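Spelled out, the chains give:
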Amino acid sequence: MSALPSRVSITESSSRDGLQSLGAFVPTPAKAGLINDLSRTGLRSFDAVSFVSAKAVPQMADGAEVLAGVERLEGMTLFGLVPNMKGLEAAVAAGVDGIGVLTAASDTFNERNINATVDESMHRIRRILLEVPEDLLVRGYVSTATHCPFEGEQDPGWVAHLAETLVEWGVHAVFLGETMGKATPAHVDRLLDDVLDRVPVELVGVHFHDTYGQGVANTMAALQRGIAMMDASAGGLGGCPYAPGATGNVATEDVLYLLDGLGVDHGVDVVALAEVAQRFCADHNLSYNSAAGRALLASTDRE
Ligand code: HMG
Ligand code: MG
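Let me sum up the structure you'll find in this document. Being a predicted model, the structure only gives us computed values, none of them experimental. (Residues numbered from 1 in each chain as written. Chains lettered and ligands numbered in written order. Predicted model: local features only at pLDDT ≥ 70, side-chain atom pairs only at ≥ 80, totals over all residues. Heavy atoms only, no water.)

**Considerations on the environment of E202**
Next, step 1: Mapped onto the fold, E202 is located in the loop between α7 (185-198) and β9 (204-208).
Next, step 2: When its relative accessible area of 57% is taken as the criterion, E202 is described as exposed. (Helix = DSSP H or I, 4+ residues; strand = E, 2+ residues; numbered from the N terminus. Buried < 20%, exposed > 50% of the residue type's maximum accessible area, 1.4 Å probe, protein only.)

Rendered as structure tokens:
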């Protein structure tokens, strides 16, 4: 086993990826409250909201209002997902600390998701990067990094090329989006063979979905390659409205339990986080999808 990172930075995606596909609108104070409650468990980085078309994703229509309701704790970074210049303007006006810009590796998913070919979305990103205020952090997402719901398995060399281009253009980190949750550690390894040939490991993050139950195994594969930035979603909430069949992100609790077992530092109280997530799921009639969280809460109840 190669050296694991000594500390991992988790970006919490439940208020964005976790909620974006839900039909029933989660009230703005509940979204802000989720971020506030999770920040008290030690999380500091949030994939908090999106600045996208309300027609495309009605659940994310209240990004600015959600951010206004967040209590800013020291060291907190709130990211907003931005698909175009209009999104950038809205994100800046709302006072984000960082933005996520996005392309997919495959044209079909990208067209359905953001109405652009890969080439077109790369041009959009280029424009955003030329205009973005210097003090904002920028992370670039490459979705469908291993599998596209419409075009199948993706070429790791192509994904690596996109990731390298985003880094050359100035993103501070590039996140590999495993949108479908279909990859196994073998896919992750093949992808990272190519990506890490071209992009320094400290600039690479991973964003795993857990559809096939591979999220923790894939997280381990990434850790073994030295990756120290990862997205996860409390309670395993999540999914993309344009990725049919895909379920939530790997649960933050499951990732934290893994990190604790490996002795990798993360700064989060996993039981407190599980309590917040389970309560949120119960309040909003959502299924709570963290195996580690369920087990931790059950054993805490018995004590
Ligand atoms: P479009 O139809 O090509 O955009 O959509 P347009 O420029 O032609 O504008 C159409 C309408 O949208 C106009 O309004 C614009 O003003 C409005 P109208 O005149 O009809 O009233 N509009 C906007 N409104 C608010 N914010 C904006 C914005 N831009 C245009 N930024 C567009 C293109 C990108 C806007 C649309 O397709 C869209 O919003 N897509 C978002 C889809 C999305 O949010 N998907 C989920 C997030 S991605 C994801 O989850 C993957 C990830 O988790 C990683 C992984 O898992 O792999 C990150
Ligand atoms: Mg996602």
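**Things to note about the layout of surface pockets**
Next, step 1: Estimated volume of the largest pocket: approximately 560 Å³.
Next, step 2: Considering the residues around the largest pocket, the lining is formed by 34 residues, among which V52, L81, P83, L102 and I114 are closest to the centre.
Next, step 3: Within the residue set of the lining of the largest pocket, elements represented by two or more residues are α3 (85-94), α4 (107-114) and β5 (137-143).
Next, step 4: Considered class by class, the residues forming the lining of the largest pocket number 17 nonpolar, 13 polar and four charged. (1 Å grid on protein atoms, 1.4 Å probe; cavity = no way out; pocket = protein on both sides within 12 Å on 5 of 7 lines; lining within 4 Å. Points joined across faces, edges and corners; volume = space filled by probe spheres on them. Nonpolar A, V, L, I, M, F, W, Y, C, P; charged D, E, K, R; others polar.)

**What about the sheet that holds strand β10 (residues 229-232)?**
Next, step 1: Around the barrel, eight strands lie side by side as β1-β2-β3-β4-β5-β8-β9-β10; this closed barrel has parallel pairing. Strand-to-strand twist in this sheet, taken as the mean axis angle between neighbours without regard to direction, amounts to 25°.
Next, step 2: When strand β8 (residues 173-178) meets β9, the two strands line up parallel, connected through five bridges. Each residue of the ladder has a partner; that of V174, found in β9, is V204. (Pairing = 2+ DSSP bridges. Axes fitted to C-alpha atoms, helices over the stretch in contact; angles between N-to-C directions.)

**Structural notes on the coordination of the magnesium ion (ligand 2)**
Next, step 1: Looking at the magnesium ion (ligand 2), one finds its protein donor set to be D17 (OD), H207 (NE2) and H209 (NE2), positioned 2.0 to 2.3 Å from the metal centre.
Next, step 2: Between consecutive donors of the magnesium ion (ligand 2), the numbers of intervening residues give the motif D-x189-H-x1-H.
Next, step 3: With a relative accessible area of 5%, H207 lands in the buried category. (Donors = N, O, S within 2.8 Å, 3.2 Å for Na, K, Ca; no water.)

**Describing a negative patch on the surface**
Next, step 1: Among the surface-exposed residues, D107, E111, D119, E120 and E151 lie close enough to one another that they form a single negatively charged patch.
Next, step 2: Secondary structure elements with two or more residues in the negative patch: α4 and α5 (118-131).
Next, step 3: Positionally, E111 belongs in helix α4. (Patch = residues over 30% accessible without salt bridge, like charges linked within 9 Å, V, L, I, M, F, W, Y side chains within 5 Å. Areas by Shrake-Rupley, 256 points an atom, 1.4 Å probe, with all protein chains shown as cover. Salt bridge = Lys/Arg side-chain N within 4 Å of Asp/Glu carboxyl O. Lys, Arg positive; Asp, Glu negative; His and termini not counted. Charge placed at Lys NZ, Arg CZ, Asp CG, Glu CD.)

**Overview of the environment of V118**
Next, step 1: Assignment of secondary structure puts V118 in helix α5.
Next, step 2: Leaving out residues up to four positions away in the same chain, V118 has contacts with T103, A104, A105, S106, D107, N110, W158 and L162. (Contact = heavy atoms within 4.5 Å.)

**Some thoughts on the packing of aromatic side chains**
Next, step 1: Tallying each qualifying case throughout the model produces one aromatic pair.
Next, step 2: Relative to F175, the ring of Y141 lies with its centre 5.6 Å away and its plane at 45°, an arrangement referred to as tilted. Taken together, the residues Y141 in strand β5 and F175 in strand β8 connect sequence positions 34 residues apart. Side by side, Y141 and F175 carry an identical accessibility label, which is buried.
Next, step 3: Sitting over the ring of F150, R112 keeps its end group 4.1 Å from the ring centre. (Phe/Tyr/Trp six-rings, centres within 6.5 Å; stacked < 30°, edge-to-face > 60°. Lys NZ or Arg CZ within 6 Å of the ring centre and 35° of its normal.)

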